[in-house]
Amino acid sequence: ELALKSLGSEGLFLFSSLDTNNDLYLSPEEFKPIAEKLTGVAPISEFEEEETPDPSGETLSIVAKFQPLVMETMTKSKDGFLGISHVALAGLRNWTAPAAPKSMMLARQFKAFLPPKNKLDLGDPWWIIPSELNIFTGYLSNNRFYPPPPKGKEITIHKLLSMFHPRPFVKTRFAPQGAVACIQAISTFYYTIAFRIHAEFQLNEPPDFPFWFSPGQFTGHIILSKDSSHVREFKLYVPNNRSLNVDMEWLYGASESSNMEVDIGYLPQMELESTGPSVPSVIHDENGNVIDSRDPSGEPIQFVFEEITWQQEIPWEEAAQKLEVAMYPFKKVSYLPFTQAFERAKAEKKLVHSILLWGALDDHKPLSASLPVPGSGRTLRETVLESSPVLALLNESFISSWSLVKELEELQTNRENEFYSKLADLHLEKYNFPVEMIICLPNGTVVHHINANYFLDITSMKPEDVESSIFSFSSNFEDPSTATYLQFLKEGLQRAKPYLQT
């Protein structure tokens, strides 16, 4: 109360965004973002002081490519951003180019991507940055402007993402956090490492309120020598193959409980790529003397690199799938694209288990978790969809799929394929915000469905308070949500029997 009286609500909001341990005292470390902002000078981090550049070490040139978010893809654009202040979206509208279009990095800095000694098999994932969040720990504060200082392997990823924007958070507010990687190919001296990173950006600064920009994921690969002295190739990017790939949230007040707006949109391009292999920063002749990096005509010396012969490798799709399952155990069940799921269900004579969402199921973003409703894809994927009994029944009796409402709306208007249009139509008839779980026949006929909000409501109640006989609790499972989802799936199978027998 004294702090509120002294600073006012907005002043206290800024103070508490810096006071990371909530002790009402700003340590030098906590005050550092403001000091850097006022002085314009950023001190060299401990990591960079320890990592004295090797004069004969190699450097890698990286370029950033960025096309800003397409504002028309935001839901709020449909009513002309009615009721949304121009200030709230200022950070988003002003972000039209990468913060650093080009950067030189030491090859040794990419040591962070090398596998630990116990993860040398193809496709065996490890955590570069481990996730520290789960369904029990909740999520990190929305009330922050400046990223905490990165440590250890976070430093390289923070430096890379800073090429896009000066305020990347390498640990997201919501699970699953972190960065995961696996070996995609092995040669005598080199690895190809596939990776997936969940990170987000804070686009606003005081006195504005926070605006969080959360791409669905960053993915990519690096080809580097086993001692990290040479990087042959590096690429990192946000996938743009779905119609929506970014989640955005912004606060409207000076407290953690303030109203929050949430929206989704499409980002056409956000990528980093090496311009070529890493090269020595200093060149020596055969006698060890330093020589000019340009030939007598003034042209840069051209390096010739040996061809890499891979002894073992797996396809990119397989590596990406391994990383996806590491992030999301619910992906132990294959989730097929919408139309493919119905084709497979028809061929295998199974039902379709379909999840229809406003936002994506397998991106790190919180979907509707920030809205004033309990139901969300995030809650589903971190509870029932990961449980062993549900995974087993889905694998045995269903073909699974998840879709964005926007994608089905587009499919619904596609008159080139009337069957697909009808499938989308039948789904959208049953959809209620934010998430609808649907069980249907291969021809699209819906035999059962339940909204995520209702599902979470009844599983949070005591068994004796649930009036509906459709969803009953089983004594075999302690977790009521698992028992209830199993009951939902079994009920769908039961209702489909008359159709499947004809």
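Structure: see above.
These numbers come from a predicted model, not from an experiment.

Visitor: For the overall build of the protein chain, give the residues involved together with the corresponding values.
Guide: Tallying secondary structure elements over the protein chain gives 13 helices and 22 strands in all. Counting all 502 residues of the protein chain, 51% fall into the buried class. For the protein chain, long-range pairs separated by at least 24 residues make up 71% of all intrachain contacts whose partners lie at least 6 apart in sequence. Total accessible area on the protein chain is roughly 24,100 Å²; 52% of this is exposed by carbon and sulfur atoms.

Visitor: Break down the packing of helix 7 (residues 338-348) against helix 11 (residues 418-430) for me, with residues and values.
Guide: It is the contact of helix 7 with helix 11, at a shortest axis distance of 11 Å, that shows an interaxial angle of 100°. The orientation of helix 7 relative to helix 11 falls into the category roughly perpendicular. Contact with helix 7, carried on its side by Phe338, Thr339, Phe342 and Glu343, involves Tyr420, Leu423, Ala424 and His427 of helix 11 and no other residues of that element. Its residues placed into classes, the contact of helix 7 with helix 11 shows five nonpolar, two polar and one charged.

Visitor: If you had to explain the sheet that holds strand 8 (residues 211-215) to someone new, which residues and values would you point to?
Guide: Across the sheet, five strands lie side by side as 4-7-8-11-12; this open sheet has antiparallel pairing. Strand pairing shows two members of the sheet lacking a second neighbour, strand 4 (168-169) and strand 12 (260-265), which therefore form its edges. As judged from the five bridges shared by strand 8 and strand 11 (residues 246-251), these two strands associate in the antiparallel manner. Residue pairing in the sheet places Ser214 in a bridge with Asp247 of strand 11.

Visitor: Run through the sheet that holds strand 18 (residues 335-336), naming residues and quoting values.
Guide: Taken in spatial order, the five strands of this open sheet run 18-20-19-21-22, and their pairing is mixed. Looking at the sheet topology across the chains shown, the edges are occupied by strand 18 and strand 22 (446-451). Where strand 19 (residues 351-357) and strand 21 (residues 435-440) come together, six bridges link them in antiparallel fashion. Each bridged residue has a counterpart across the sheet, and for Val352 the counterpart in strand 21 is Cys440. Lying over the sheet, helix 11 contacts strand 19, strand 21 and strand 22, oriented at roughly 130° with respect to strand 21.

Visitor: Give me the lowdown on the packing of helix 10 (residues 405-412) against helix 11, citing residues and values where you can.
Guide: A pair of packed helices can be characterised by two numbers: the angle between their axes and the separation between those axes. Interaxial distance between helix 10 and helix 11 falls to 8 Å at its minimum, and their mutual angle equals 135°. By the angle between their axes, helix 10 is oblique relative to helix 11. Both helix 10 and helix 11 take part in a crossing whose hand is left-handed. Where helix 10 abuts helix 11, its residues Val405, Leu408, Glu409, Leu411 and Gln412 lie against Tyr420, Ser421, Ala424, Asp425, His427 and Leu428. In terms of residue class, the contact of helix 10 with helix 11 is made up of six nonpolar, three polar and two charged.

Visitor: Break down helix 7 for me, citing the residues and quoting the values.
Guide: Since the α-helix advances by 3.6 residues per turn, residues separated by three or four positions end up pointing in the same direction. Listed as buried for helix 7 are Phe338, Thr339, Ala341, Phe342 and Ala345. One side of helix 7 carries all its buried residues, which in axial view fall inside an arc of 155°. Taken from the residues just after helix 7, Lys349 is the one with a positive phi, measuring 55°.

Visitor: Residue-level account of the nonpolar core, with values.
Guide: Ile355, Met437, Tyr485 and Leu489 are the most contacted members of the largest nonpolar core, which has 61 residues in total. Looking at which domains feed residues into this core, each of domain 2 (58-281 + 300-324) and domain 3 (328-501) supplies at least three. The contacts of Tyr485, once residues within four sequence positions are left out, are His353, Ile355, Leu380, Val384, Leu385, Val390, Met437 and Phe455. Grouped together as the second largest cluster of nonpolar side chains are 53 residues, Leu89, Leu92, Phe110 and Ile129 included.

Visitor: Could you give me a rundown of the environment of Thr156, with the residues and numbers involved?
Guide: The residue Thr156 is located in helix 5 (residues 154-161) in this model. C-alpha of Thr156 to C-alpha of Ala112: the two residues are 44 residues apart in sequence and 7.0 Å apart in space. Beyond its immediate stretch of four places on either side in the chain, Thr156 contacts Met105, Gln109, Ala112 and Phe113. Separated by 2.8 Å, the side chain of Thr156 and the backbone oxygen of Gln109 make a polar contact.

Definitions and limits used
Residues numbered from 1 in each chain as written. Predicted model: local features only at pLDDT ≥ 70, side-chain atom pairs only at ≥ 80, totals over all residues. Heavy atoms only, no water. Helix = DSSP H or I, 4+ residues; strand = E, 2+ residues; numbered from the N terminus. Buried < 20%, exposed > 50% of the residue type's maximum accessible area, 1.4 Å probe, protein only. Contact = heavy atoms within 4.5 Å. Areas by Shrake-Rupley, 256 points an atom, 1.4 Å probe, with all protein chains shown as cover. Axes fitted to C-alpha atoms, helices over the stretch in contact; angles between N-to-C directions. Parallel < 35°, antiparallel > 145°, perpendicular 65-115°, else oblique. Nonpolar A, V, L, I, M, F, W, Y, C, P; charged D, E, K, R; others polar. Pairing = 2+ DSSP bridges. Left-handed = near helix turned anticlockwise from the far one by under 90°. Arc of directions from axis to C-beta. Core = buried A, V, L, I, M, F, W, Y, C linked by side-chain atoms within 4.5 Å. Domains from an automatic or database assignment. Polar contact = N/O pair within 3.5 Å; in protein donor to acceptor, adjacent residues only side chain to side chain.

So yeah, pure geometry; function would need other evidence.
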